[in-house]
Amino acid sequence: MTMPACQSTRRDGSPCRATPTASGRCFAHDEKLRQKTADGRRRGGHNKATAARAARLPADMKALASQLMEAISECYSGELDPKRLSAMASGAGAVVRVHEVGEFTQRLDALEAAANGGKGTLAGLVSTYRRPS
Ligand SMILES: [Zn+2]
């Protein structure tokens, strides 16, 4: 007995072996499901917190996220080698960490400036501080 498989073909022309949905195609190849997911993403989706976070993402982070989502779909349908997805995810993680450090520094600077009555950052204060003689 053979397990049912997706009716679509992969990019390389071989048959997709992923588990199909009711449509007979896997979630990566199901056009209707793809459309639904895309619509949901455009409307902000059901998860408002995630959608709100995503809306605040800078354009390069949004591009990175959508590239990863696509890679996950392709990996699921067998078009993309899991090793490549893994390498992509690890590279994306590094990019996100660099971004986080930049954002953290900006937010800290803003907090310090606010706490300092708008007279500059704590780092600025420290650099101009003179020990009373
Ligand atoms: Zn498929």
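Residues numbered from 1 in each chain as written. Predicted model: local features only at pLDDT ≥ 70, side-chain atom pairs only at ≥ 80, totals over all residues.

Colleague: Explain the overall build of the chain to me, and be specific about the residues and the numbers.
Modeller: Within the chain, the regular secondary structure consists of five helices and zero strands. Buried residues in the chain amount to 9% of all 133 residues. Residue pairs in contact within the chain that sit at least 24 positions apart in sequence constitute 29% of those at least 6 positions apart. (Helix = DSSP H or I, 4+ residues; strand = E, 2+ residues; numbered from the N terminus. Buried ≥ 20, exposed ≤ 12 C-beta atoms within 10 Å, placed from the backbone. Contact = placed C-beta atoms within 7 Å.)

Colleague: Account for the nonpolar core, with residues named and values stated.
Modeller: A general trend in soluble globular proteins is that nonpolar side chains are found buried together. Listed in full, the five residues of the largest apolar core are Cys 6, Cys 16, Ala 18, Cys 26 and Ala 28. Filtering out sequence-adjacent residues up to four positions away, Cys 6 remains in contact with Cys 16, Arg 17, Ala 18, Pro 20, Arg 25, Cys 26, His 29 and Ser 77. (Core = buried A, V, L, I, M, F, W, Y, C linked by C-beta atoms within 7 Å.)

Colleague: Break down the packing of helix α3 (residues 59-76) against helix α4 (residues 82-115) for me, with residues and values.
Modeller: At a minimum axis separation of 10 Å, α3 and α4 run at an interaxial angle of 160°. Judged on the interaxial angle alone, α4 and α3 are roughly antiparallel. Read as a crossing pair, α3 and α4 show a hand that is left-handed. When α3 is examined against α4, the residues Met 61, Leu 64, Leu 68, Ala 71, Ile 72 and Cys 75 are found in contact with a partner set consisting of Pro 82, Leu 85, Met 88, Ala 89, Ala 92, Val 95 and His 99. Residues of the contact of α3 with α4, tallied by class, amount to 12 nonpolar, one polar and no charged. (Axes fitted to C-alpha atoms, helices over the stretch in contact; angles between N-to-C directions. Parallel < 35°, antiparallel > 145°, perpendicular 65-115°, else oblique. Left-handed = near helix turned anticlockwise from the far one by under 90°. Nonpolar A, V, L, I, M, F, W, Y, C, P; charged D, E, K, R; others polar.)

Colleague: Can you tell me about the confidence of the model for the chain, naming the residues and giving the values?
Modeller: Summary statistics for the chain give a mean pLDDT of 82 and a share of 84% for residues scoring 70 or more. Confidence, read as mean pLDDT per element, is least for helix α5 (residues 122-128) in the chain (66) and greatest for α4 (91). (pLDDT = per-residue confidence, 0-100.)

Colleague: Requested: an account of the environment of Tyr 76, with residues and values cited.
Modeller: Residue placement: Tyr 76 occurs in helix α3. Considering only alpha carbons, one finds Tyr 76 and Ala 28, 48 residues apart in sequence, at a separation of 7.2 Å. Contact partners of Tyr 76, with chain neighbours within four places excluded, come to Ala 18, Cys 26 and Ala 28.

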